[in-house]
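Descriptive analysis of the structure
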Amino acid sequence: MNQIKGLKVINSVETNIIDCEGAGEMFQVTTLIGDAEKVEKELIKNPPQLEADIEAAKALVKEKGEAAVKLKSAKVGKAEITASVAELNKAKENLSRLEERSKLKPGIPQKDGKIHYSQDIFARQPAS
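Only a predicted model underlies this, so the values are computations on that prediction, with no experimental measurement involved.

For the rest of this paragraph, the subject is the pattern of salt bridges. The full count for this structure, using the stated rule, is two salt bridges. In this structure, Lys-58 engages Glu-55 in a salt bridge whose closest nitrogen and oxygen atoms are separated by 3.6 Å. Here Glu-55 and Lys-58 lie together in helix H2 (residues 51–73), a separation of three residues that amounts to about one turn. For Lys-58, a relative accessible area of 36% corresponds to the partly exposed category. With relative accessibility at 39%, the residue Glu-55 sits in the partly exposed group. With its nearest N and O atoms 3.0 Å apart, the salt bridge here joins Lys-64 to Glu-87. Residue Lys-64 is located in helix H2, and its partner Glu-87 is located in helix H3 (residues 78–102); the two are separated by 23 residues in the primary sequence. A relative accessible area of 43% places Glu-87 in the partly exposed class.

Here it is in structure tokens:
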């Protein structure tokens, strides 16, 4: 078995649309297993943030936003406002990363107790 671009390449006897060895048996090709392994390793290496960390990041965004508004209303120099807005954007990006990371869950994604293939590279596209 080889791995190319994150996909496991398995050389089987013969598989085609009409017939395959073990005809009648259903099989599923998926990229979810490799993705699940990557997420699991990442979560072990860097555990997800606590809710308190996310709340602190939200408070920082609010604080930076209020500071930028005050500077704008005080009509201070453009350089100060630009620096304040840059700090606000940095805080927002950090919050976004923390929120995304908090959504990571180990294992293959499931919905209603079944494997949820919507994140799979082979997920079916809706009919147009």
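As a packed pair, H2 and H3 sit with axes 9 Å apart at the nearest point and diverge in direction by 160°. As summarised for this structure, H2 and H3 are arranged roughly antiparallel, according to the angle between their axes. The interaxial crossing formed by H2 with H3 has left-handed handedness. Where H2 approaches H3, its residues Asp-53, Ile-54, Ala-57, Lys-58, Leu-60, Val-61, Lys-64, Gly-65, Ala-67, Ala-68, Leu-71 and Lys-72 are matched on the opposing element by Glu-80, Ile-81, Ser-84, Val-85, Glu-87, Leu-88, Ala-91, Lys-92, Leu-95, Leu-98, Glu-99 and Ser-102. Across the contact of H2 with H3, the residue classes tally to 13 nonpolar, three polar and eight charged.

Attention now moves to the nonpolar core. Looking at soluble globular proteins, one finds that nonpolar side chains tend to be buried together. Judged by nonpolar contacts, Ile-54, Ala-57, Val-61, Leu-88, Ala-91, Leu-95 and Leu-98 together constitute the single largest core of seven residues. Elements with a minimum of two residues in this core: H2 and H3. Ranked by the residues each element gives to this core, the list is headed by H3, at four residues. Once you skip the residues sitting within four places of it in the chain, Val-61 turns out to touch Leu-88, Ala-91, Lys-92 and Leu-95.

Each value, and the rule that gives it
Residues numbered from 1 in each chain as written. Predicted model: local features only at pLDDT ≥ 70, side-chain atom pairs only at ≥ 80, totals over all residues. Heavy atoms only, no water. Salt bridge = Lys/Arg side-chain N within 4 Å of Asp/Glu carboxyl O. Helix = DSSP H or I, 4+ residues; strand = E, 2+ residues; numbered from the N terminus. Buried < 20%, exposed > 50% of the residue type's maximum accessible area, 1.4 Å probe, protein only. Axes fitted to C-alpha atoms, helices over the stretch in contact; angles between N-to-C directions. Parallel < 35°, antiparallel > 145°, perpendicular 65-115°, else oblique. Left-handed = near helix turned anticlockwise from the far one by under 90°. Contact = heavy atoms within 4.5 Å. Nonpolar A, V, L, I, M, F, W, Y, C, P; charged D, E, K, R; others polar. Core = buried A, V, L, I, M, F, W, Y, C linked by side-chain atoms within 4.5 Å.

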